[in-house]
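Summary of the model geometry
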Amino acid sequence: YAIRNTKNGKMYIGESIDIEQRWKVHQEDLDNGNHHSYKLQSEWDKSKNNQFRFFVLEEFIFPFATKLDSAKLQLILYLQGICLWKMSLKLMKIQ
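Here we summarise the structure given alongside this text. Source: prediction; values computed, not measured. (Residues numbered from 1 in each chain as written. Predicted model: local features only at pLDDT ≥ 70, side-chain atom pairs only at ≥ 80, totals over all residues. Heavy atoms only, no water.)

**Brief notes about helix H2 (residues 38-47)**
- The set of residues buried in H2 consists of Leu40, Gln41, Glu43, Trp44 and Ser47. Across the axial projection of H2, the buried residues extend over an arc of 170 degrees, all falling on one side. Opposite the packed face of H2, turned more than 90 degrees from it, sit the exposed residues Tyr38 and Lys46.
- Residues of H2 that are buried sit in contact with strand E1 (2-5), strand E2 (11-13), helix H1 (19-31) and strand E3 (52-55). (Buried < 20%, exposed > 50% of the residue type's maximum accessible area, 1.4 Å probe, protein only. Helix = DSSP H or I, 4+ residues; strand = E, 2+ residues; numbered from the N terminus. Arc of directions from axis to C-beta. Contact = heavy atoms within 4.5 Å.)

Take a look at the structure:
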């Protein structure tokens, strides 16, 4: 899923088994001023949340989805020039 600032195009990328619940937690944290992404929190505070959109980027079939699926998606978005607030890719050595 993504939380996108529709004004500047920046996105926070996340993953969850229960996306609706995860979005509620994000919104509560942002509304209360204690979101773990200080950059997202700062932009949320400036806009009073009226310029953000929550949406699903891709759905994976559980339990076959992996962290690598999420990492691939983040890398694709990064390479396409989409700004991300959260970028937690770990490069893995393939033997």
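**Considering the nonpolar core**
- Judged by nonpolar contacts, Tyr1, Ile3, Tyr12, Ile19, Trp23, Leu30, Leu40, Trp44, Phe52 and Phe54 together constitute the single largest core of ten residues.
- Elements that contribute at least two residues to this core include exactly H1, H2 and E3.
- Per element, the largest residue contribution to this core is three residues, and it comes from H1.
- Non-local contacts of leucine 30, meaning those with residues more than four positions away in its chain, are made with His35, Leu40, Gln41, Trp44 and Asp45. (Core = buried A, V, L, I, M, F, W, Y, C linked by side-chain atoms within 4.5 Å.)

**So, the packing of H1 against H2**
- H2 packs onto H1 with a crossing angle of 70 degrees between their chain directions and a minimal axis gap of 9 Å. Overall, the two elements H1 and H2 adopt an arrangement that is roughly perpendicular. The two elements H1 and H2 meet at a crossing, and its hand is right-handed. For the pair formed by H1 and H2, the contact residues are Gln27, Asp29, Leu30 and Asp31 on the first element and Leu40, Gln41, Trp44 and Asp45 on the second. (Axes fitted to C-alpha atoms, helices over the stretch in contact; angles between N-to-C directions. Parallel < 35°, antiparallel > 145°, perpendicular 65-115°, else oblique. Left-handed = near helix turned anticlockwise from the far one by under 90°.)

**Some words on the pattern of salt bridges**
- Tallied over the entire structure, the rule returns one salt bridge.
- When the shortest N-O distance is used, the salt bridge between lysine 10 and glutamate 43 registers 3.6 Å. Residue lysine 10 is found in the loop between E1 and E2, and its partner glutamate 43 is found in helix H2; the two are separated by 33 residues along the sequence. (Salt bridge = Lys/Arg side-chain N within 4 Å of Asp/Glu carboxyl O.)

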